[in-house]
Amino acid sequence: MRLTVAQALVRFLAAQYTERDGRRRRLVAATWGIFGHGNVAGIGQALLECGPEAMPFLQGRNEQAMVHAAVGYARQSGRLSTHAVTTSIGPGATNLVTGAALATINRIPVLLLPGDTFATRPADPVLQQLEVPHAGDVSVNDALRPVSRHFDRITRPEALIPAALQAVRVLTDPVQTGAVTLALPQDVQAEAYDWPEEFFAERVWGVRRPRPDRAELAAAADAVRASARPLIVAGGGIRHSAAQASLAALAEATGIPVAVTQAGKGVLPYGHPHDVGGIGHTGTATAATLARDADLVIAAGTRLSDFTTASATLFHDPAVRFIGLNLDPYDAHKLAARPLVADAREALDDLRAALAGHRVPAAYETAYRQEAARWEARVDQAYAVSAPDEELPPTQAQVLGLLDRLVDGSDILVNAAGSLPGDLHKLWRARSADQYHLEYGYSCMGYEIPAAIGVALAAPGRPVWALVGDGTYLMNPTEIVTAVQEGVPIRVVVLDNHGYASIGGLSGAVGGEGFGTAYRFRAPDGTYTGDPLPVDLAANAASLGMAVIRARTVRDLREALAEARSATRPTCVYVQTRTPDTVSGPPPAQAWWDVPVAETATRKAAAQAREEYDRQAAQRRRHL
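1. Considerations on the overall build of the protein chain
Scanning the protein chain from terminus to terminus reveals 24 helices and 23 strands. A globule of 624 residues ought to have a C-alpha radius of gyration of about 25 Å, and the protein chain, at 25 Å, matches this closely. Over its C-alpha atoms, taken along the principal directions, the protein chain stretches across nearly 70 × 70 × 55 Å. Sequence-distant contacts in the protein chain: of pairs separated by 6 or more residues, those separated by 24 or more amount to 77%. Taken as a whole, the protein chain presents about 24300 Å² of accessible surface, with 53% of it coming from carbon and sulfur. Placing the 59 positive and 65 negative side-chain charges of the protein chain at their respective mean positions leaves the two points 4 Å apart.

The following block contains the structure:
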């Protein structure tokens, strides 16, 4: 079959499927693209030639945002289906790097197809080519190597066959998956070749569920039986494995409490008797207390990042030991854990069977349930709206409280960065396994709006909310145009607090005094402490085609959120938030996070912050 390389690639991708638990899905459901001279005559022509039946096309506005949208789609699809992203050479290709890093860090499959400079070098350099005097085969696409789980450059037509097969192998491997990059020189894309028809045959890639090793399983069961205060820390791997029911069954059979990471929140629904909420720096007091006293921690499907472990200060018991239940041996061995390398669902089911008849002490179970109930009362306090509040701007926690009262299990919340992740992790009551979509592996500002589009494409008919601060909105609002163009009715809630509130707070805590974190005019002393900037984000969203509802007070916001939820077109709710007092605001951090402070400084704030840093850092330990 004589086709160009680009035509062959599109045909090949259209015939790739995944299968898990008897359910088959198309692997690459659509391709996002922005065209330039590096892909318009290759991939662009191929998408036109093959037609939308073979490969639907989605027009993006920013290359990084297109990757975010693909990540949102893939995560909502359980990593069983994803999107491809095609770009031109030069800035189009380098704009992929941030999105690729986000996908790889979060272990989410995305296929990147950047154009590349000529393989045949008819002119050298060509437009946008990076010249590297010591290496003629380097292009800007090589910047994608460290952030890709697999990288290949197709310099000959026939090289596409093994390269495409390897790319799909990595995309469908639950351990290795992440960003996969096939760099496509612009001349090779348009070059014709006689392809074997077998290359385009339908292929179904089974997504494995490996069972645990019997010896590792027995050792894990023995460790649980020997512990008095075990704790499960559940991460995103539970979601990726669709192991929520298995986790609940283990917790219910044994009484072991379950704390959740940002990626794991929602794996037990709000109100489950063994859910103790978020863990780590942004977690609940209940989970923090349990972690400090735990003598055994079962780290299930988590990378154990510094936010989760409170920068290695959270687990205090001198005798604490860990079980690393993870599909990836790299993660299973962290904190010198006893590894339990397996699919999360299979391992949890087998562990429950191995622990038949075992239960934690009744006093332990009663105590953590009472602590969890006390924390929920604290959430109610943060969400509360008094009569005078009705005519005031809402606090950020009150915004979440109003949304909490409005949504049901069909709604999905998307967030990634700023102060919202901390409030959401502590306060949000997830009502379904996939309601809480928070990207915190890379915590990338600008993720929320494009990711919400991807989520909505994967979950049509469900209300999808992108919660963004003004800083995040200004980073990457352009895909609003895509949502309008495609008729994807995302709801964007913009919380305007005139700056980088999260980093402003952190800056104050580490002696930076909020320097450079407010959106204000310069004052006479040269600092950004003048009047707020006259930026109208609501008008901006309207100019991009969204329906916009401005909310000035709590009363306004309640009505605006209800109107947005019932909307059938992309809708923005804009509100300026007020700073809460120390009583009504969200609870402060329940565990430490290591952000180094200046060891020597003349300013009093930095000196005091260093004293506190040294006190906290002294609690760090190596778990060996």
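2. Quick look at the packing of helix H16 (residues 396–406) against helix H17 (residues 420–427)
Contact geometry of H16 with H17 gives a least axis separation of 11 Å together with a crossing angle of 50 degrees. Taken as axis vectors, H16 and H17 run oblique relative to one another. Of the two possible hands of crossing, H16 and H17 adopt the one that is right-handed. Taken together, the residues of H17 that come into contact with H16 (itself represented by Gln396, Ala397 and Leu400) are Leu420, Asp423, Leu424 and Leu427. Residue composition of the contact of H16 with H17, grouped by class: 5 nonpolar, 1 polar and 1 charged.

3. Comments concerning the packing of helix H1 (residues 5–14) against helix H2 (residues 40–54)
In contact at an axis separation of 8 Å, H1 and H2 are set at 35 degrees when each is read in the N-to-C sense. Like other packed secondary-structure pairs, H1 and H2 cross with a definite hand, here right-handed. Taken together, the residues of H2 that come into contact with H1 (itself represented by Ala6, Gln7, Leu9, Val10, Arg11 and Ala14) are Gly42, Ile43, Gln45, Ala46, Leu47, Glu49, Cys50 and Ala54. For the contact of H1 with H2, the residue count by class is 9 nonpolar, 3 polar and 2 charged.

4. Quick word on empty space enclosed by the protein
Applying the stated criterion across every chain, the model contains 2 cavities of 30 Å³ or more. Forming the boundary of the largest cavity are Arg20, Gly78, Arg79, Leu80, Leu171, Thr172, Asp173, Pro174, Thr177, Val207 and His240. Empty space within the second largest cavity amounts to approximately 40 Å³. Lining the second largest cavity, in full, are Ile89, Gly90, Asp116, Thr117, Gln128, Gln129, Leu130, Ser139 and Val140. Of the residues in the lining of the second largest cavity, the class split is 3 nonpolar, 5 polar and 1 charged.

5. So, the pairing of strand S15 (residues 296–300)
Among the 5 residues in S15, 5 count as buried, and that is most of the element. Residues Leu296, Ile298 and Ala300 line one face of S15 and the alternating positions Val297 and Ala299 line the opposite face, and both faces are buried. Pairing analysis gives 5 bridges linking S15 to strand S16 (residues 321–326), with the strands arranged parallel. The residue bridging alanine 299 from the neighbouring strand is glycine 324, located in S16.

6. Comments concerning a nonpolar patch on the surface
Where nonpolar side chains cluster on the molecular surface, the patch consists of Leu474, Phe521, Leu533 and Val535 and spans about 330 Å² of accessible area. In this structure, leucine 474 sits in helix H19 (residues 470–475). Residue class for leucine 474 comes out partly exposed when judged on its relative accessible area of 44%.

7. A word on the packing of aromatic side chains
Under the defined criterion, the tally for this structure stands at 11 aromatic pairs. Here the aromatic rings of tryptophan 195 and phenylalanine 199 are separated by 5.8 Å at their centres, their planes lie at 20 degrees, and the arrangement is stacked. A relative accessible area of 3% places phenylalanine 199 in the buried class. With a centroid separation of 5.2 Å and 75 degrees between ring planes, the pair formed by phenylalanine 307 and tyrosine 440 is classed as edge-to-face. A residue pair is termed long-range when its members are at least 10 positions apart, and phenylalanine 307 in helix H12 (residues 306–309) and tyrosine 440 in the loop between strand S19 (436–438) and helix H18 (448–458) qualify at 133 residues. Of the residues examined, phenylalanine 307 reaches a relative accessible area of 11% and is grouped as buried. Among the aromatic side chains, those forming a connected cluster through ring pairs are Phe12, Tyr193, Trp195, Phe199 and Phe200. Cation over ring: arginine 24 sits above tyrosine 17, and NZ or CZ is 4.3 Å from the ring centre. A cation over an aromatic ring shows up here: lysine 265 above the ring of tyrosine 436, its NZ or CZ 5.6 Å from the ring centre.

Thresholds applied
- Residues numbered from 1 in each chain as written.
- Predicted model: local features only at pLDDT ≥ 70, side-chain atom pairs only at ≥ 80, totals over all residues.
- Heavy atoms only, no water.
- Helix = DSSP H or I, 4+ residues; strand = E, 2+ residues; numbered from the N terminus.
- Rg over C-alpha atoms; globule rule 2.2 N^0.38 Å.
- Contact = heavy atoms within 4.5 Å.
- Areas by Shrake-Rupley, 256 points an atom, 1.4 Å probe, with all protein chains shown as cover.
- Lys, Arg positive; Asp, Glu negative; His and termini not counted.
- Charge placed at Lys NZ, Arg CZ, Asp CG, Glu CD.
- Axes fitted to C-alpha atoms, helices over the stretch in contact; angles between N-to-C directions.
- Parallel < 35°, antiparallel > 145°, perpendicular 65-115°, else oblique.
- Left-handed = near helix turned anticlockwise from the far one by under 90°.
- Nonpolar A, V, L, I, M, F, W, Y, C, P; charged D, E, K, R; others polar.
- 1 Å grid on protein atoms, 1.4 Å probe; cavity = no way out; pocket = protein on both sides within 12 Å on 5 of 7 lines; lining within 4 Å.
- Points joined across faces, edges and corners; volume = space filled by probe spheres on them.
- Buried < 20%, exposed > 50% of the residue type's maximum accessible area, 1.4 Å probe, protein only.
- Pairing = 2+ DSSP bridges.
- Patch = residues over 30% accessible without salt bridge, like charges linked within 9 Å, V, L, I, M, F, W, Y side chains within 5 Å.
- Salt bridge = Lys/Arg side-chain N within 4 Å of Asp/Glu carboxyl O.
- Phe/Tyr/Trp six-rings, centres within 6.5 Å; stacked < 30°, edge-to-face > 60°.
- Lys NZ or Arg CZ within 6 Å of the ring centre and 35° of its normal.

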